[in-house]
Amino acid sequence: MSSQEKSSHVLMVGGYRVTPDSESGRTGSFGRTSSATSSIRRRSFNLSGALPSQIDDNIESETVSEAGDIGDRALHSNRNSRSGSLRFSFDRVSENGVVIPIPDDTLSQPHVFSSRDPAALISLSPVSLLPEELISPLSTDAMVQAESKMQSDEKEMPKLLEYCSCLIHLAVFGILGVLTRYLLQKLFGPGTAGVTSNETLLYLDLPSNMVGSFLMGWFGVVFKGDISRVSDFLAIGLSTGYLGSLTTFSGWNQKMLELSVEGHWVSSVLGFLIGLFLAAYSIIFGVETAKGFRQLLEKKITNQESGIRSSGGIWRVDSRKRHMAVMVVFTLILGLLWSVSAILLRDEFSSDGGEAQLWLGCIVGPPGVWIRWFLARLNGRGLGKAGRLKWIPFGTVIANVSAACIMAALSTTRKEVNTKTCDTITTGIQLGFLGCLSTVSTFIAEFNAMRESKYPWRAYVYAMITICISFGLGTLIYSVPVWTKGYN
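Residues numbered from 1 in each chain as written. Predicted model: local features only at pLDDT ≥ 70, side-chain atom pairs only at ≥ 80, totals over all residues. Heavy atoms only, no water.

Right, let's get into the overall build of the protein. Scanning the protein from terminus to terminus reveals 16 helices and 7 strands. Buried positions account for 46% of the 488 residues belonging to the protein. Look at the contacts in the protein between residues 6 or more apart in sequence, and 75% of them connect residues 24 or more apart. About 24,100 Å² of surface is accessible on the protein, with carbon and sulfur atoms providing 62% of the total. (Helix = DSSP H or I, 4+ residues; strand = E, 2+ residues; numbered from the N terminus. Buried < 20%, exposed > 50% of the residue type's maximum accessible area, 1.4 Å probe, protein only. Contact = heavy atoms within 4.5 Å. Areas by Shrake-Rupley, 256 points an atom, 1.4 Å probe, with all protein chains shown as cover.)

In structure tokens, the structure reads:
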């Protein structure tokens with residue numbers, strides 16, 4: 001084969017010399033993604049053919065672990081950023097192949113790609129650039145990308161403002177979640193419906209955990225993509241902020257500890273089993289009803305497609321001005337909620353009212369949401385540089401276990417001090433900060449994704465890890481002092 005014929009089988013993309021495998025009949029297709037606020041550019045290459053089983057398992061492990069939340073990695077400025085060593089995290093998997101991102105540090109020298117062996121993925125070796133390879137028909141991509149980059153610059157927010165807007169959304173929806181959880185406690189508690197109580201396995205937060213898991217099937221699974229097309233911050237605020245704060249794992253764990261410390265071990269175990277069962281089927285019911293509602297919407301949209309498209313653009317937050325306007329509105333709402341809560345808290349404290357814990361919870365709730373959101377970036381990352389046990393959402397585990405331990409410590413403190421002021425402060429922190437730091441909706445979304453994956457046993461192992469660690473540490477922090485010191 002002559003040099004001209006050889007060069008016709010070589011494509012240059014971004015400093016790479018790509019040699020397709022003619023014998024196997026595979027072809028390589030290439031794309032490039034960029035972000036105006038991303039610190040690291042990425043190259044991707046699409047390798048057609050079957051994926052190795054180990055890579056397929058790796059993708060599934062990350063997917064189920066990230067089913068509930070991925071924290072600030074969901075922000076536009078962090079979607080394409082890479083950190084640590086080279087890891088095969090796949091942006092999309094299609095019938096034609098898999099897109100493999102390659103950091104810029106591997107682009108210092110041109111390389112040869114071979115698609116002969118998909119198990120090996122990439123074979124790299126330095127080559128020299130041929131003159132005829134310096135210009136390629138693919139160079140028109142640069143013009144398209146430059147134009148799209150200019151358009152995206154007009155729509156995107158600076159990274160700092162993006163974080164601030166997200167935190168404000170999380171705070172507002174977190175406070176609304178605390179208020180809803182408190183109202184459900186009062187509605188189904190001993191004072192009204194009498195369905196739940198502190199003395200039975202039907203704990204006070206069971207209705208809110210069920211309602212939050214049901215709504216998670218709607219707004220955190222089925223319609224989350226549609227909400228994101230309107231506003232990414234709205235999707236994060238609803239799923240992580242509102243539904244994550246509406247549900248609480250720490251309150252669930254503490255009620256089971258209080259049953260066990262009184263000797264009701266069977267009720268404590270049944271409380272965990274029934275709570276897990278009801279929350280799991282709540283999200284299943286939510287997903288199924290949301291899918292049915294979505295089908296009805298799709299039929300209606302086909303008849304009114306033009307009107308839907310024109311009205312959809314009105315509500316979409318797709319420009320920097322709209323982002324800033326929404327951010328200002330949510331800032332005012334947050335300031336109003338905090339101001340009203342502070343005034344009512346002062347009045348309740350001065351009059352020895354029973355609602356002081358609620359307004360304190362509304363004030364200290366947002367920091368709990370923020371910490372849980374930042375911890376969620378650990379989901380799907382695994383342990384160490386090798387990324388072992390990626391299927392375990394470590395961010396959610398840390399948030400739930402730490403909140404359960406702090407709640408147990410505050411319960412012990414309340415029994416030790418035994419004053420009305422201490423009781424109000426500790427209960428308010430438990431209701432607000434710890435209730436928002438821990439979550440059942442995200443936990444159940446991850447549990448449901450694992451249960452429907454290729455390895456359904458992982459769901460039950462994940463649930464056992466979270467429950468056993470939280471309950472075991474809570475027993476040491478709360479139950480043992482109660483037993484030894486004889487608190488009432």
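For the rest of this paragraph, the subject is the side chain of Thr 427. Along the chain, Thr 427 turns up in helix H14 (residues 420-437). Ignoring anything within four residues of it in the chain, the contact list for Thr 427 reads Gln 357 and Arg 414.

Further remarks concern a nonpolar patch on the surface. A surface patch of nonpolar side chains, amounting to about 550 Å² of accessible area, comprises Trp 265, Ile 469, Leu 473, Leu 476, Val 480 and Trp 483. Residue position: Ile 469 is located in helix H16 (residues 457-485). For Ile 469, a relative accessible area of 37% gives the class partly exposed. (Patch = residues over 30% accessible without salt bridge, like charges linked within 9 Å, V, L, I, M, F, W, Y side chains within 5 Å. Salt bridge = Lys/Arg side-chain N within 4 Å of Asp/Glu carboxyl O.)

With that settled, consider the environment of Leu 273. Within the secondary structure, Leu 273 is located in helix H9 (residues 265-303). Once the C-alpha coordinates of Leu 273 and Leu 201 are considered, the two residues, 72 residues apart in sequence, prove to be 9.9 Å apart.

Now for the packing of aromatic side chains. What the rule picks out here adds up to 22 aromatic pairs. On the numbers, 6.0 Å between centres and 55 degrees between planes, the contact of Phe 249 with Phe 443 is tilted. Here Phe 443 lies in helix H15 (residues 441-451) and Phe 249 lies in helix H8 (residues 249-261), a separation of 194 residues in the sequence. Like Phe 443, Phe 249 is buried. Seen in terms of ring centroids, Phe 277 and Tyr 281 are 4.7 Å apart; in terms of plane orientation they differ by 45 degrees. Their pairing is tilted. Taken together, the positions of Phe 277 and Tyr 281, both in helix H9 and 4 residues apart, correspond to about one turn of that helix. Judged by its relative accessible area of 48%, Phe 277 falls in the partly exposed class. Among the aromatic side chains, those forming a connected cluster through ring pairs are Tyr 203, Phe 249, Trp 252, Trp 265, Phe 272, Phe 443, Tyr 462, Phe 471 and Trp 483. (Phe/Tyr/Trp six-rings, centres within 6.5 Å; stacked < 30°, edge-to-face > 60°.)

To continue, consider the pattern of salt bridges. The full count for this structure, using the stated rule, is 13 salt bridges. Across the pair Arg 322 and Asp 318 runs a salt bridge, and its minimum N-O distance is 3.8 Å. A relative accessible area of 33% means that Arg 322 is categorised as partly exposed. Classification of Asp 318 by relative accessible area gives partly exposed; the value is 29%.

Inspection of the secondary structure puts Arg 372 in helix H12 (residues 356-375). Comment: no salt bridge for buried Arg 372; closest opposite-charge side chain is Asp 69, at 5.1 Å. At 3.4 Å, the side chain of Arg 372 forms a polar contact with the backbone oxygen of Leu 437. With residues near it in sequence (within four places) discarded, Arg 372 still touches Thr 240, Gly 241, Gly 244, Ser 245, Ala 399, Cys 436, Leu 437, Ser 438 and Thr 439. (Lys, Arg positive; Asp, Glu negative; His and termini not counted. Polar contact = N/O pair within 3.5 Å; in protein donor to acceptor, adjacent residues only side chain to side chain.)

Turning next to helix H11 (residues 320-350). Between the first and last C-alpha of H11 there are 45 Å, a value that for 31 residues agrees with the 45 Å anticipated at 1.5 Å per step. The set of residues buried in H11 consists of His 323, Met 327, Phe 330, Leu 334, Leu 337, Ser 341, Leu 345 and Glu 348. (Expected span 1.5 Å × (residues − 1).)

A word on the packing of H8 against helix H13 (residues 394-417). In contact at an axis separation of 8 Å, H8 and H13 are set at 50 degrees when each is read in the N-to-C sense. In terms of axis orientation, H8 runs oblique to H13. Like other packed secondary-structure pairs, H8 and H13 cross with a definite hand, here right-handed. Residue-level contacts link Phe 249, Ser 250, Gly 251, Asn 253, Gln 254 and Leu 257 of H8 to Asn 400, Ala 403, Ala 404, Met 407, Ala 408 and Ser 411 of H13. (Axes fitted to C-alpha atoms, helices over the stretch in contact; angles between N-to-C directions. Parallel < 35°, antiparallel > 145°, perpendicular 65-115°, else oblique. Left-handed = near helix turned anticlockwise from the far one by under 90°.)

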